[in-house]
Amino acid sequence: MANAIVEAIRLAVTRIPDDVVLTLREAYEREESEIARFNLENILKAIEIGKTESIPVCQDTGTLIFFIKAGVNSPFLGELEDAIIEATRRATEEVPLRPNAVDILTGRNSGDNTGRGVPVIHWEITEGDEIEVAVLPKGGGSENCSALAMLTPSEGWEGVKRFVVAHVKACGGKPCPPVILGIGVGGSADLSLKLAKKALLRRVGERHPNERIAGLEEEILGAVNSLGIGPMGMGGRTTALDVKIEVVHRHPASFPVGLVVQCWANRRAFLRIKPDGRVEVWQ
């Protein structure tokens, strides 16, 4: 099992998914600014080098985050966490990954991307006997632009839009745009941020199944791109490649909004563990 997780991590950090690459190419084709085209061209070159040479596309290979849908009848349920930690240590050496796990008290780097609370593992127990694992490497620069707003219910969706656009404007080039924005609305403060991060697993261009929310995704995307921040913050038409919104019910007195910003290197990979031990890995 650990072998398959290592390969999923390798795939995530060395190959940008095709939907992201296509959207970056489309942004390059419609861009009018020479500086923006230059930046997008270099991004696309880096993606191609990572793919052909099987090396990390970005030097910041991030904090590894795992979202797990675990079938309650899977025979591998009790082994999975240890396999993820072992795979993270191995991938640090074999891929390689930059060591990014620093002790909060001593400032010492563990050297293998593991430590107290990392890698980050989110569990969801489901019916059945299969396990699905999503791997999301999250870089530090874009993570630093994550934010939480506890809006009042009267502010509603207009408040969500104002908050997101203002925050992206304030961040400017820090998260290495063009970015992908994950937005979680409802629940509690912590749940809204978790939803926002989970939203990044959806393919670029994939709209929410609810028509109203899908329209809001497009509306916010247009507003963000009107800012003119552009690739790497140097101006241009494309500040964001996509906006993803996930929602849950909320308390009558609360309107939590979590915003997670992902850089252009929107890395992800998935694996499915069958009850007979077979494993499928894909993007």
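Predicted, not measured: the structure shown is a model, and the values here were computed from it. (Residues numbered from 1 in each chain as written. Predicted model: local features only at pLDDT ≥ 70, side-chain atom pairs only at ≥ 80, totals over all residues. Heavy atoms only, no water.)

Enquirer: Got a sec to walk through the packing of aromatic side chains? Specific residues and values, please.
Expert: If you walk through the whole model with that rule in mind, you get two aromatic pairs. With a centroid separation of 6.1 Å and 90° between ring planes, the pair formed by Trp157 and Phe255 is classed as edge-to-face. You can see Trp157 sitting in helix α6 (residues 156-171) and its partner Phe255 sitting in strand β7 (residues 255-262), a full 98 residues away along the chain. When the centroid spacing of 5.7 Å and the interplanar angle of 20° are considered together, the rings of Phe270 and Trp282 count as stacked. Residue Phe270 is found in strand β8 (residues 269-273), and its partner Trp282 is found in strand β9 (residues 279-282); the two are separated by twelve residues along the sequence. Given the relative accessible area of 15%, Phe270 is considered buried. For Trp282, a relative accessible area of 30% gives the class partly exposed. (Phe/Tyr/Trp six-rings, centres within 6.5 Å; stacked < 30°, edge-to-face > 60°. Helix = DSSP H or I, 4+ residues; strand = E, 2+ residues; numbered from the N terminus. Buried < 20%, exposed > 50% of the residue type's maximum accessible area, 1.4 Å probe, protein only.)

Enquirer: Got a sec to walk through the environment of Thr23? Specific residues and values, please.
Expert: Tracing the chain through its elements places Thr23 in helix α2 (residues 18-30). Classification of Thr23 by relative accessible area gives buried; the value is 12%. A sequence separation of 182 residues divides Thr23 from Gly205, and the C-alpha atoms of the two residues are 8.4 Å apart. Once residues within four sequence positions are removed from consideration, Thr23 is found in contact with Val204 and Leu241. (Contact = heavy atoms within 4.5 Å.)

Enquirer: How would you explain the environment of Arg237 if you had to name every residue and give the values?
Expert: As for its position among the elements, Arg237 is in the loop between α8 (211-225) and β6 (240-250). Taking relative accessible area as the criterion, Arg237 reaches 42% and is therefore assigned partly exposed. Sequence separation between Arg237 and Asp19 is 218 residues, and the spatial gap between their C-alpha atoms is 19 Å. The residues touching Arg237, leaving out its near neighbours within four places in the chain, are Arg30, Glu31, Glu32 and Asn225.

Enquirer: Residues and numbers for the sheet that holds strand β4 (residues 147-151), please.
Expert: Sheet architecture is open: four strands sit in the order β4-β7-β5-β6, paired in mixed fashion. Each edge of the open sheet carries a strand with a single partner, namely β4 and β6. Within this sheet the neighbouring strands show an average axis-to-axis angle of 15°, counted without direction. Pairing of β4 with β7, which is carried by five bridges, proceeds in the antiparallel orientation. The residue of β7 that forms the bridge with Ala149 is Val257. The sheet contacts of α6 involve β4, β5 (179-187), β6 and β7, and relative to β7 the element is tilted by about 30°. (Pairing = 2+ DSSP bridges. Axes fitted to C-alpha atoms, helices over the stretch in contact; angles between N-to-C directions.)

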